[in-house]
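Here's the letter readout for the chains.
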Amino acid sequence: MFELIVERSFAAAHRLCDYDGPCARMHGHNYRVECSLVGEELAANGMLMDFGEIKTLCDGILDALDHQCLNELAPF
């Protein structure tokens, strides 16, 4: 079993709705995301997946979250 872990980060804002406390106000966080791939075999080049390729894939997803208000995005 082989595993590849890539760590990426992004910054975003949010607020807690229906909450009586300071976090009900808009505030930001820096988020850390770990992307983990697991495979039974390595490719002919000895890699599970190219680090550059997985970083590009992760960044393509996280770019939609970076410096956004999470409360305004459909998944949240």
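(A) Broad picture of the packing of aromatic side chains. Summed over all chains, the structure comprises one aromatic pair. Residues Phe 10 and Tyr 31 carry aromatic rings whose centres are separated by 5.0 Å and whose planes lie at 15° to one another, so their mutual orientation is stacked. Placement of Phe 10 in strand E1 (residues 2–14) and of Tyr 31 in strand E2 (residues 27–39) is noted, with a sequence separation of 21 residues between them. Overall, the relative accessible area of 9% leaves Phe 10 in the buried class. Taking the relative accessible area as the measure of exposure, Tyr 31 reaches 25% and is therefore partly exposed.

(B) Main features of the nonpolar core. Formed by Leu 4, Val 6, Cys 35, Met 49, Ile 54 and Cys 58, the largest nonpolar core amounts to six residues. Going through the elements one at a time, E1 and helix H1 (51–62) are the ones with two or more residues in this core. Not counting residues within four places of it along the chain, the set of residues in contact with Met 49 comprises Leu 4, Leu 37, Ile 54 and Leu 57. If you look at the next biggest cluster of nonpolar residues, it comprises five residues, including Phe 10, Ala 12, Leu 62 and Leu 65.

(C) Focus on the pattern of salt bridges. The final tally for this structure, using the stated rule, is three salt bridges. Note that Asp 59 and Arg 8 form a salt bridge whose closest N and O atoms lie 2.9 Å from each other. Residue Asp 59 is found in helix H1, and its partner Arg 8 is found in strand E1; the two are separated by 51 residues along the sequence. Using a relative accessible area of 21% as the deciding quantity, one classes Arg 8 as partly exposed. The residue Arg 32 makes a salt bridge to Glu 34 at a minimum N-O spacing of 3.1 Å. Through salt bridges with shared partners, a single network forms among Glu 7, Arg 32 and Glu 34.

(D) Broad picture of unusual backbone geometry. The residue Asp 18 is not glycine, and still its phi comes out positive at about 55°. Locating Asp 18 in the fold gives a position in the loop between E1 and E2. You can call Asp 18 exposed: its relative accessible area is 88%. Of note, the phi angle at His 67 is positive, near 55°, even though the residue is not glycine. Position of His 67 among the secondary structure elements: in the segment after H1. A relative accessible area of 65% means that His 67 is categorised as exposed.

Definitions and cut-offs
- Residues numbered from 1 in each chain as written.
- Predicted model: local features only at pLDDT ≥ 70, side-chain atom pairs only at ≥ 80, totals over all residues.
- Heavy atoms only, no water.
- Phe/Tyr/Trp six-rings, centres within 6.5 Å; stacked < 30°, edge-to-face > 60°.
- Helix = DSSP H or I, 4+ residues; strand = E, 2+ residues; numbered from the N terminus.
- Buried < 20%, exposed > 50% of the residue type's maximum accessible area, 1.4 Å probe, protein only.
- Core = buried A, V, L, I, M, F, W, Y, C linked by side-chain atoms within 4.5 Å.
- Contact = heavy atoms within 4.5 Å.
- Salt bridge = Lys/Arg side-chain N within 4 Å of Asp/Glu carboxyl O.

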